[in-house]
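Residues per chain are reported as follows:
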Amino acid sequence: MITNTYDYIIIGAGSAGCVLANRLTEDEAAQVLLVEAGGRDWHPYIHVPLGMGKLHERRMFDWGFMTEPEANLNGRCIEASRGKVLGGSSSINVMAYTRGNRGDFDRWAQKGATGWSYADVLPYFKRCETFAGGANVWRGGSGPLGTEFAKTTDPLYPAWIEAAKAAGIATTADYNAACQEGFGRSQYTIRNGRRSSAASAFLKPAMRRPNLKVETRALVTRVILRETSAAGIEYIKNGCVLQAGAAREVIVSGGAFGTPQILMLSGIGPAAHLHKVGINPVIDLPVGRNLQDHLAVFLSFARSQPGPFHRQMRFDRMAFGMIRAWLFGIGPGTVVPGGLHAFVKTRPEIAVPDIEFMFRGVATDVHLWFPVIRPPRPDGFAIRPTLLHPDSRGEILLRSNDAHDPMLIVYNFSQRQTICRSCARASGLPATSPISSPLIGFGVLRPRQAPRTRAMPKLMPTSAKPLLRHTIQRQPARWEQAPMRYWTHRCGCEAPSACASSMRPRCLTSSRVTSTPQF
Ligand SMILES: Cc1cc2nc3c(=O)[nH]c(=O)nc-3n(C[C@H](O)[C@H](O)[C@H](O)COP(=O)(O)OP(=O)(O)OC[C@H]3O[C@@H](n4cnc5c(N)ncnc54)[C@H](O)[C@@H]3O)c2cc1C
């Protein structure tokens, strides 16, 4: 039975939910309920930027999702992390601040997403941020979200820039401004040495307003429908089933996986599938279809001399660094070990970059060390090529009609655009290979993890051959099974037939869907 009624109910206190809670409660007359399955974001690892390493290693504040075995990745299941805490994924993410290419926004607008061209969204980007580099025609100077350039001081990053120049690849002063393409210093959502999550930036100020109620540790099980109108929600908190009513709108912002799950549990989704799991379909829509994600992989190399971050990982230095970061927002705990992003076209004829490289100056398996007690691992560095325009399409399905059950996540990463092609392209770009002259001295030709597919030699450009040969010599015969770490960017489903550009699901009134490109 509905006990309380609000004007708006927001499901999920992630990036989208926190912004909406802030904006909707600016109207003092509007009563807003924000319902989040996770708890409060009190943990220092969330706020101290370098705590991110432990968050990911232990999958803290994470739903813990895994994909189904991916047929074209040797049946591997890939981590599909999503934040489960105030701030959602913005409380556990890598904090890279990348707006996206203006050409992508403009293409969406041309295809009918009214209001989503870059000219349309730029004022919102600017209004959203306070950029430490200062406001200008592209950047904001007084918004709630803090953004800044990477503060890493590793000489490897300028050397990479030099390698790019030597290879004739452009550099860009600010990839979130006039030109994205090229090699540029990384940018992060960090402010005053702390993670600028959606909860810190948008929700915390709004929580002081009397018209916002935040329910944490509350799992939404369905949207209550009156015919085809959203009337409220049902959720479980402390073992009790509760209901709340929405006089104006229910906003579903449960993230790329949570949103389709909630919609389908409510009877909004592909009718045949809903029947199969025992749910009575109310509105037959292609919810959960067209799942897309940016597959990426870490290419790791040994480093000839330990870099600055590796030295910082000595236990006593790091403990002191984390305390300084937590108490005062200063010191090495506030600096993440990345410094460079590159957006590159692998073929000149394409309109926008199709590969993004992220560079880090430390090995992916770095750990705390202390002389005699725990020896350090050899240092390394890593390049993460990421497919920007994946052509694979997957889907999200319900495992059952129980909201506690994780969904079935199937990406269907295809052979045509698998990671091996991305690796081949990455290794084929001279500026990303340690054999490039400005980089000689930093790295040794010894990839720390081997590529894992036989298709790769055929795809490898000549310039990458020495690197590949070395890999095979070090991991004879077994390199296909080598532990390569895959990564995705947690995008969503694109199903234009399910939702209009106003974010209203078709055939359903009093509701909106706001998560990472859901439709
Ligand atoms: C590990 C990781 C690293 C990333 N790195 C970057 C990066 O560096 N840069 C970048 O731009 N993006 C990054 N992303 C992606 C980015 O963080 C997300 O795209 C963005 O935060 C998604 O926002 P959202 O509002 O759609 O969903 P989320 O922020 O995921 O919010 C959804 C919220 O809904 C809640 N929820 C879900 N189901 C229910 C339910 N049934 N009941 C109640 N609550 C529910 C969840 O607990 C969560 O809090 C990363 C993501 C992850 C997971």
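I tried to follow the overall build of the protein chain on my own but got confused; where do I start?
Helix and strand counts for the protein chain come out as 14 helices and 25 strands. Split into buried and exposed, the 519 residues of the protein chain put 48% on the buried side. Taking the intrachain contacts of the protein chain between residues at least 6 apart in sequence as the baseline, contacts between residues at least 24 apart amount to 68%.

What should I look at first to understand the site of the ligand in this one?
As a structural note, the neighbourhood of the ligand is formed by 35 residues, with G12, G14, G88, G255 and G258 the closest of them. A class-by-class count of the residues in the shell around the ligand yields 13 nonpolar, 18 polar and four charged.

Got a minute to help me understand the sheet that holds strand β21 (residues 394-397) in this structure?
The pairing of strands in a sheet comes from backbone hydrogen bonds and takes either a parallel or an antiparallel form. Sheet architecture is open: three strands sit in the order β15-β21-β22, paired in antiparallel fashion. The sheet is open, and its two edges are formed by β15 (289-291) and β22 (408-410), each paired on a single side. When strand polarity is set aside, the average angle formed by the axes of neighbouring strands in this sheet is 35°.

What exactly am I supposed to notice about helix α8 (residues 255-265) here?
Side chains three or four residues apart in an α-helix point the same way, a direct result of the helix having 3.6 residues per turn. Here α8 lies mainly inside the structure; 11 of its 11 residues are buried. Within α8, burial applies to G255, A256, F257, G258, T259, P260, Q261, I262, L263, M264 and L265. Positioned one or two residues after α8, G267 has a phi angle of 95°, which is positive.

I'm lost on the sheet that holds strand β6 (residues 187-188) in this one. Help?
One open sheet accounts for three strands, arranged β3-β4-β6; its pairing is mixed. Each edge of the open sheet carries a strand with a single partner, namely β3 (129-131) and β6. Of the strand pairs in this sheet, strand β4 (residues 145-149) and β6 are connected by two bridges, and their pairing is antiparallel. The residue bridging E148 from the neighbouring strand is Y188, located in β6.

Looking at this structure, I do not really get the environment of L50. What am I missing?
Looking at the secondary structure, you find L50 in the loop between α2 (44-47) and α3 (52-57). Spatially, the C-alpha atom of L50 lies 9.6 Å from that of G321, the residues being 271 residues apart in sequence. Setting aside anything within four residues of it in sequence, one finds L50 in contact with M322, A325, G333 and V336.

Explain the pairing of β21 here, please?
Here is the key point about a regular strand: its side chains alternate between the two faces of the sheet. Of the two faces of β21, the one holding G394 and I396 and the one holding E395 and L397 are both buried throughout. Looking at chain direction, β15 and β21 are connected through two bridges and run antiparallel. Along β21, the bridge assignment pairs L291 with G394. By the bridge criterion, three bridges tie β21 to β22 in an arrangement that is antiparallel. If you follow I396 over to β22, its bridge partner there is I409.

Explain the nonpolar core here, please?
Nonpolar side chains tend to gather and get buried jointly when the protein is soluble and globular. Judged by nonpolar contacts, the single largest core of 111 residues is most densely connected at I9 and A21. Looking at this core, you find at least three residues from each of domain 1 (1-96 + 196-288 + 494-519) and domain 2 (150-188 + 294-489). Excluding residues that lie within four positions of it along the chain, I9 makes contacts with L33, V35, G232, I233, A244, A246, V250 and I251.

How do you make sense of unusual backbone geometry when you look at a structure like this?
Glycine aside, residues mostly have negative phi angles, and peptide bonds mostly take the trans form. For N290, which is not glycine, the phi torsion reads 65° and is therefore positive. Of note, N290 is situated in strand β15. The phi torsion at N412 lies on the positive side, around 60°, for a residue other than glycine. The topology assignment puts N412 in the loop between β22 and α12 (419-428). Assessed through the 14 C-beta atoms surrounding it within 10 Å, N412 is described here as partly exposed.

Conventions we followed
Residues numbered from 1 in each chain as written. Predicted model: local features only at pLDDT ≥ 70, side-chain atom pairs only at ≥ 80, totals over all residues. Helix = DSSP H or I, 4+ residues; strand = E, 2+ residues; numbered from the N terminus. Buried ≥ 20, exposed ≤ 12 C-beta atoms within 10 Å, placed from the backbone. Contact = placed C-beta atoms within 7 Å. Near = placed C-beta within 6 Å. Nonpolar A, V, L, I, M, F, W, Y, C, P; charged D, E, K, R; others polar. Pairing = 2+ DSSP bridges. Axes fitted to C-alpha atoms, helices over the stretch in contact; angles between N-to-C directions. Core = buried A, V, L, I, M, F, W, Y, C linked by C-beta atoms within 7 Å. Domains from an automatic or database assignment.

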